[in-house]
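# A structural walkthrough
What follows is each chain in one-letter form.
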Amino acid sequence: MRTTLFETAHSWLQGGRPTESTRPRRDRRPHMLLVPALLAVTLVATVAGPASAQESGNRVGSDSSEAATAVAGTPYPLANPGFEGDYLNQSECLNITGDVASGWTDNTCWDTLAPKVRYERDSAAPHSGAAAQKITLESGARAQFAQYLGAPLQPGAKYTVSFWVRADSPIFVTSYLRDSGPPYTGYAGKTAKLNTTWTQYSFESFVEQPTISLFFTASTPGSFSVDDVSITSTPSPAPSLKPPTRAVPRSYFGVHLNYLETPWPSVSGRVGSVRMWDTDRRSDGTGTGSQWADVNTTAGSYDWSGLDARVATARSNRADIVYTLGGRTPQWASGQPNAFSPYGPGQCAQPATMATWETWVRDIATRYKGKITLWELWNEPDLTDFYCGTPDQLIELASRASTILREVDPKNRVLSPGFSGFAGPSYLEYFLRNGGLPTFDILSYHFYAQTPELNLGTRLQNLRAVISGAGAGKKPLWNTEQGWIDLVATPVSQSTGAAYIGRAYLLNWSAGAGRFYYYFWDNNSFLPLIEDDGTTLTESGVAYREVAGWMIGRVVTSVTTDASGTYTLTLRAPSGATSHVLWNPVSTVQAVIPSSWKATERLDLAGGRTSVAGAATIEVGESPVLLR
């Protein structure tokens, strides 16, 4: 039996991990966005004292401009930022014990696996004042400590969070800002390997919603203390889109194909790439999957049949392939063979030896030399269900793999691990600043969001700041996974899904994403693009075909919004002819058709065409329409 987690998505969003159940037909394993931001991320440190060689380029001290930023701006009224005064005994859960400073709360009690967390008033050696908060993860996968911010934050403003932390022994800890309610979007944060010295860290973040929580998390057993937390705000200009000047290539339109028997998408040849992650067997359980744990079930033994078939199909349809190397470690090769993974015990872990990893990478790269030239290092390492090793181990895995891939074929291009960003780009920042930057050619990121427009504001601002600050600004950015999962009580309908797909593909390109791999083409637990017969396009599948037809071979020259919230995106064809795509994500409006457009025809995402010759206005709603 396979694990299915989407059936309990709501509990995952609150932090719970569901139990195993039988997989119904066309249902797949859980996806990252069902998991809350409970990652084993690592702050890029600022140490009040000697820094390690690895962290010395990232210090925040009295002579650092980053430290100056941390104290600038308008202070936010945090409750008890110095952890003084009363401490409240924790008695709600048997596994959560001790005392928490007033104004703060434990957020681990929901976890059905019952990690043991102990809270204490640290009065022996606080950073300042009489006390600091001490948190000890005694056992289990996570400790979460938070303050639900009482005063609303201002969307669009830039917030700087600063805090002091230390540990009894080295431990990875992350702090980040997150929505207080569903879908619990994480914005930005910091991740660090703490030591026994009080160390100050800070991070900057934009937020989308006013109701926000500040979190501190640890994912490995150990103790750490927190003191002197502050949040300040400064005004910030609204982000603007700068579309690429090149034409949209066919390879921009990528997909994931879950099941082995799924026919190649019938969308007029407009799928140009496929990402091979969650490449399962046939939906009836026969055949062979294509991830590491499927292919390499015992040491030295390979069953390439499923992957051979998928590679042949992609190549026959003139599509290139992104293959994800890590995220499904075979149990026999796992460095943590009993660690929980939704795919099976041990599959989230780093390999037990680097030699095992190197053999796998070399063998698969050699077999598919010239057939697969795009290699992604790992899937969503910032979520513990997909990676439960340390960030430093991930960097070493990336370094070893990229060296081998480039040796086997100099034409290979390496993608970074595909970061989920569910708690913001803090794990990515640590990866980039601590040795990960030279290991890849293309930055892989997953742009899940409730609506397509949400990715273009705060989330993109937070990501771009991390990328440019870490020296990765000139590397291509690809959206290697995005779709719509039922994060709230009301599922995304096919009509809304069709509108989302059109807008997402238009806006991702305009924001600089060089690829967009839709997740999933063929799984009805999400927003499928085909019916159960495996070939008939759903309403969303038709929208995929149509927006690809609008975009491929054309240049996006501008994207604007007006006072009503209506978007206008202009496309230029090779002939020089222009067309215009309009939509309004929040309301239905009458938009003026400028006479200079000389528009005569309206196209919609259902494939319909109507005349607009002589019309002065047009009705515009959530689903994009093209005027030409």
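Residues numbered from 1 in each chain as written. Predicted model: local features only at pLDDT ≥ 70, side-chain atom pairs only at ≥ 80, totals over all residues. Heavy atoms only, no water.

In this section: the overall build of the protein chain. Assigned secondary structure in the protein chain consists of ten helices and 29 strands. Counting over 628 residues, the protein chain shows a buried share of 60%. Relative to all contacts within the protein chain whose residues are 6 or more apart in sequence, the contacts with residues 24 or more apart total 71%. By element, 52% of the accessible surface of the protein chain is carried by carbon and sulfur atoms, the whole surface being about 22,200 Å². (Helix = DSSP H or I, 4+ residues; strand = E, 2+ residues; numbered from the N terminus. Buried < 20%, exposed > 50% of the residue type's maximum accessible area, 1.4 Å probe, protein only. Contact = heavy atoms within 4.5 Å. Areas by Shrake-Rupley, 256 points an atom, 1.4 Å probe, with all protein chains shown as cover.)

Attention now goes to the pattern of salt bridges. This model, assessed by the stated rule, comprises 24 salt bridges. Where aspartate 111 meets arginine 142, a salt bridge forms, and the shortest distance between an N and an O atom there is 2.4 Å. Taken together, the residues span a long stretch of sequence, with aspartate 111 in the loop between strand S4 (105-106) and strand S5 (116-122) and arginine 142 in the loop between strand S6 (132-139) and strand S7 (143-148) at a distance of 31 residues. Take aspartate 111 and arginine 142: they sit in the same class, and that class is buried. In this structure, glutamate 546 and arginine 545 form a salt bridge, with 2.9 Å as the shortest nitrogen-oxygen distance. With a relative accessible area of 22%, arginine 545 lands in the partly exposed category. Each of Asp122, Lys134, Arg166 and Asp168 takes part in salt bridges that share partners, so that together they form one network. (Salt bridge = Lys/Arg side-chain N within 4 Å of Asp/Glu carboxyl O.)

Spatially, six strands are ordered S22-S23-S24-S29-S26-S27 in an open sheet, and the strand pairing comes out antiparallel. In this open sheet, the two strands that pair with only one neighbour each are strand S22 (555-561) and strand S27 (609-611). Sheet twist, expressed as the average angle between the axes of neighbouring strands with direction ignored, equals 25°. Sheet topology places strand S23 (residues 567-572) next to strand S24 (residues 578-583); six bridges connect them, and they run antiparallel. What sits directly across from threonine 568, in S24, is leucine 582. Contacts from helix H10 (residues 539-551) reach S23, S24, strand S26 (601-604) and strand S29 (625-627), with the element oriented near 135° to S26. (Pairing = 2+ DSSP bridges. Axes fitted to C-alpha atoms, helices over the stretch in contact; angles between N-to-C directions.)

Attention shifts here to the side chain of glutamate 380. As for its position among the elements, glutamate 380 is in the loop between strand S17 (374-376) and helix H6 (391-408). Despite its burial, glutamate 380 remains without a salt bridge, the nearest opposite charge being carried by arginine 275 at 6.3 Å. One polar contact links glutamate 380 to histidine 446, side chain to side chain, over a distance of 2.7 Å. (Lys, Arg positive; Asp, Glu negative; His and termini not counted. Polar contact = N/O pair within 3.5 Å; in protein donor to acceptor, adjacent residues only side chain to side chain.)

Here we come to H6. Compared with the 26 Å implied by 1.5 Å per residue over 18 residues, the 26 Å span of H6 between its first and last C-alpha is a close match. Looking only at H6, the buried set comprises Pro391, Asp392, Leu394, Ile395, Leu397, Ala398, Ala401, Ser402, Ile404, Leu405 and Val408. (Expected span 1.5 Å × (residues − 1).)

So, on to unusual backbone geometry. Here the bond from tyrosine 519 into phenylalanine 520 is cis, since omega is 5°, no more than 30 degrees from zero. Within the secondary structure layout, phenylalanine 520 lies in the loop between strand S21 (513-518) and H10. Although it is not a glycine, aspartate 228 sits at a positive phi angle of roughly 50°. Mapped onto the secondary structure, aspartate 228 falls in strand S13 (residues 222-234). A positive phi angle is found at arginine 318, which is not glycine, with a value near 55°. Tracing the backbone through its elements, the reader meets arginine 318 in the loop between helix H4 (305-316) and strand S16 (320-324).

Contact geometry for helix H7 (residues 426-436) and helix H8 (residues 458-469): axes closest at 9 Å, N-to-C directions at 10°. When the axis of H7 is compared with that of H8, the two are roughly parallel. Along its contact with H7, which presents Leu428, Glu429, Leu432 and Arg433, the element H8 presents Leu463, Val466, Ile467 and Gly469. A breakdown of the residues in the contact of H7 with H8 according to their chemical character gives five nonpolar, one polar and two charged. (Parallel < 35°, antiparallel > 145°, perpendicular 65-115°, else oblique. Nonpolar A, V, L, I, M, F, W, Y, C, P; charged D, E, K, R; others polar.)

In terms of nonpolar packing, the biggest core is built from 94 residues, with Trp360, Tyr505, Tyr544 and Met551 touching the most fellow members. What tyrosine 505 contacts, discounting residues up to four positions off in sequence, is Tyr252, Phe253, Gly254, Phe516, Tyr517, Tyr518, Tyr544, Val547 and Met551. (Core = buried A, V, L, I, M, F, W, Y, C linked by side-chain atoms within 4.5 Å.)

Pairing is parallel in the open sheet, where eight strands are placed in the order S18-S17-S16-S15-S14-S21-S20-S19. The strands lining the two open edges of the sheet, one partner per strand, are strand S18 (413-415) and strand S19 (443-446). Recorded for the sheet is a direction-independent mean angle of 25° between the axes of neighbouring strands. Relative to strand S15 (residues 273-276), strand S14 (residues 253-255) is paired through two bridges, and the arrangement is parallel. In the sheet register, glycine 254 faces S15, and the bridge partner there is serine 273. Here H8 sits on the sheet in contact with S19 and strand S20 (477-482), set at roughly 155° to S19.

Relative to the helices and strands, serine 579 is located in strand S24. If sequence neighbours within four positions are ignored, serine 579 has contacts with Leu569, Thr570, Leu571, Leu626, Leu627 and Arg628.

Aromatic ring pairs are defined here through the distance separating the ring centres and the angle between the ring planes. Summed over all chains, the structure comprises 38 aromatic pairs. Ring geometry for tyrosine 567 and tryptophan 583: centres 4.9 Å apart, planes at 5°, overall stacked. Taken together, the residues span a long stretch of sequence, with tyrosine 567 in strand S23 and tryptophan 583 in strand S24 at a distance of 16 residues. Each member of the pair tyrosine 567 and tryptophan 583 is classed as buried. (Phe/Tyr/Trp six-rings, centres within 6.5 Å; stacked < 30°, edge-to-face > 60°.)

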